[in-house]
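Reading the structure
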Amino acid sequence: MQNLKQKRDISEILHHLGEENLPFNAMSPPIFQTSIFSFDSYEDYQAALADETHSFLYSRGNNPTVNLVEQKIAALEHGEQAKLMSSGVAAISAAVMAFVKTGDHIISIRDCYTWAKTLFTTYLGRFGVEHDFVDGVDPQDFAKAIKPNTKIIYLESPTSLTFKIQDLTAIAKIAKDNGIKTIIDNTWATPLYQNPIDHAIDIVVHSASKYFGGHSDLVAGVIIGNKSDMLQIYKQEFLNIGHVPDPFMAWLILRGMRTLQVRLRQHNAGAQLIAEFLEKHPKVESVCYPFLSSFPQNNLAKSQMTGGAGLFSFRVKSHNVEKIKQFVNSIKVFKRAVSWGGYESLIYANAISYVENIPEDRISLIRIHIGLENPQLLMDALNDALTCL
Ligand SMILES: *Cc1c(COP(=O)(O)O)cnc(C)c1O
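An unreviewed UniProt entry lists the protein under the name O-succinylhomoserine sulfhydrylase, from Candidatus Lokiarchaeum ossiferum. Recorded in UniProt under Cofactor (unreviewed entry), the annotation for the protein is "pyridoxal 5'-phosphate".

Here we take up the site of the ligand. Lining the immediate surroundings of the ligand are 15 residues, of which Gly 88, Asp 185, Ser 207, Ser 209 and Lys 210 lie closest. At 2.6 Å from an oxygen atom of the ligand is found a side-chain nitrogen or oxygen belonging to Ser 209. The site holding the ligand turns out to be the largest pocket. If you tally residues by element for the shell around the ligand, the top one is helix α4 (residues 88–97), at three residues. Split by residue class, the shell around the ligand holds six nonpolar, six polar and three charged.

A word on the state of the cysteines. This structure, assessed with the given rule, holds zero disulfides. Summary of cysteine pairing: Cys 112 is not part of a disulfide, and the nearest cysteine sulfur, belonging to Cys 288, is at 17 Å. The class for Cys 112 is buried, based on a relative accessible area of 6%. Accessibility expressed as a relative area gives 23% for Cys 288, which makes it partly exposed.

Moving on: unusual backbone geometry. Here Ser 157 and Pro 158 are connected by a cis peptide whose omega angle stands at -5°. Note on placement: Pro 158 falls in the loop between β4 (150–156) and α7 (168–177). Positive phi outside glycine occurs at Thr 190, with the angle close to 65°. The class of Thr 190 is buried, set by a relative accessible area of 2%. The phi dihedral of Ala 200 falls on the positive side, at around 75°, and the residue is not glycine. Here Ala 200 lies in the loop between α8 (190–193) and β6 (203–207). The exposure class of Ala 200 is partly exposed, given its relative accessible area of 35%.

About the thresholds
Residues numbered from 1 in each chain as written. Predicted model: local features only at pLDDT ≥ 70, side-chain atom pairs only at ≥ 80, totals over all residues. Heavy atoms only, no water. UniProt positions renumbered as here; feature names shortened; annotations may be inferred. Near = heavy atom within 4 Å. Polar contact = N/O pair within 3.5 Å; in protein donor to acceptor, adjacent residues only side chain to side chain. 1 Å grid on protein atoms, 1.4 Å probe; cavity = no way out; pocket = protein on both sides within 12 Å on 5 of 7 lines; lining within 4 Å. Sits in = over half its atoms within 2 Å of the grid points. Helix = DSSP H or I, 4+ residues; strand = E, 2+ residues; numbered from the N terminus. Nonpolar A, V, L, I, M, F, W, Y, C, P; charged D, E, K, R; others polar. Disulfide = S-S within 2.5 Å. Buried < 20%, exposed > 50% of the residue type's maximum accessible area, 1.4 Å probe, protein only.

Here it is as structure tokens:
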């Protein structure tokens with residue numbers, strides 16, 4: 001096992017790790033846009049077929065461009081190995097499905113990413129895998145929900161709409177004491193601001209479509225864990241289901257990761273400023289940003305994360321759907337789009353997800369992603385649009 005305590009410098013990982021021997025001393029790593037790899041002999045061919053996990057045979061298994069991304073992300077997360085996949089949802093489903101079978105039970109936080117929730121409620125249900133949802137703010141929620149057949153505790157901290165935080169160290173201990181595997185979606189904080197493996201969480205998943213890519217031009221996901229868990233995920237899920245990342249997408253992630261540190265610094269500073277601005281705004285009821293001192297779990301946030309991302313939500317005082325519509329339609333600079341993590345600012349009103357019968361507590365909930373624009377420009381845009389309410 002690699003020495004986790006001997007932490008590498010983040011910029012060294014992002015800019016140099018795995019790039020020591022690039023062909024022709026190229027500055028930018030080449031894209032190995034190839035499906036297959038050839039062998040000099042029958043013997044080499046046979047050896048590769050016998051150990052597909054560790055050989056360059058076919059790009060549905062390994063590809064050097066993909067593996068370079070994996071090497072960097074494993075190091076960033078203080079994990080032994082990483083596997084890049086074709087989407088964040090592919091990473092979530094592969095990580096979960098590798099460790100359950102019919103009759104098993106999963107405990108998940110209630111506010112997890114929509115398609116993780118659907119995986120538990122519909123897909124896995126078809127195969128006789130049970131689940132229970134818990135709030136998760138109190139670690140005892142998990143302890144109380146454990147059954148003899150519980151195999152996985154699934155976390156996302158903070159959650160990406162309500163920004164609830166789970167106490168990683170406490171939950172990992174409860175899980176370990178009961179022989180349960182822990183999986184966390186760490187997309188929001190990124191490994192730059194939170195390293196769940198250091199808190200004894202077993203497996204980390206990310207949507208790399210967000211900050212790793214960082215430019216709203218790719219969809220990808222990644223799983224990080226120890227060698228034996230990663231081997232199980234690779235052999236059982238990845239090779240069978242084929243969530244294949246393509247080399248060009250991997251290369252775009254490498255390119256995006258070059259600026260991950262500087263981008264995050266800007267997202268972080270902008271979000272903090274704008275969260276504080278919104279908190280004081282007369283049209284705003286409350287702001288959900290873990291690094292506001294008014295945030296109910298601010299101390300826990302500071303104890304397990306070193307910074308915050310550009311995504312947060314707030315509640316406006318108005319519960320009038322027509323006015324919310326006007327607000328969303330009139331706002332400048334912010335683009336009306338799903339997802340987040342790119343260079344640009346985005347807005348999503350939770351009400352948009354309902355055609356009718358919007359739950360009362362969802363009408364006033366607005367989520368924004370603070371991009372890399374000048375924060376003053378964004379505050380002016382918010383301020384102007386909030387006059388609709
Ligand atoms: C976007 C997102 C996902 C899903 O990732 P895709 O790359 O879109 O499949 C999972 N978790 C969180 C927190 C996300 O924001």
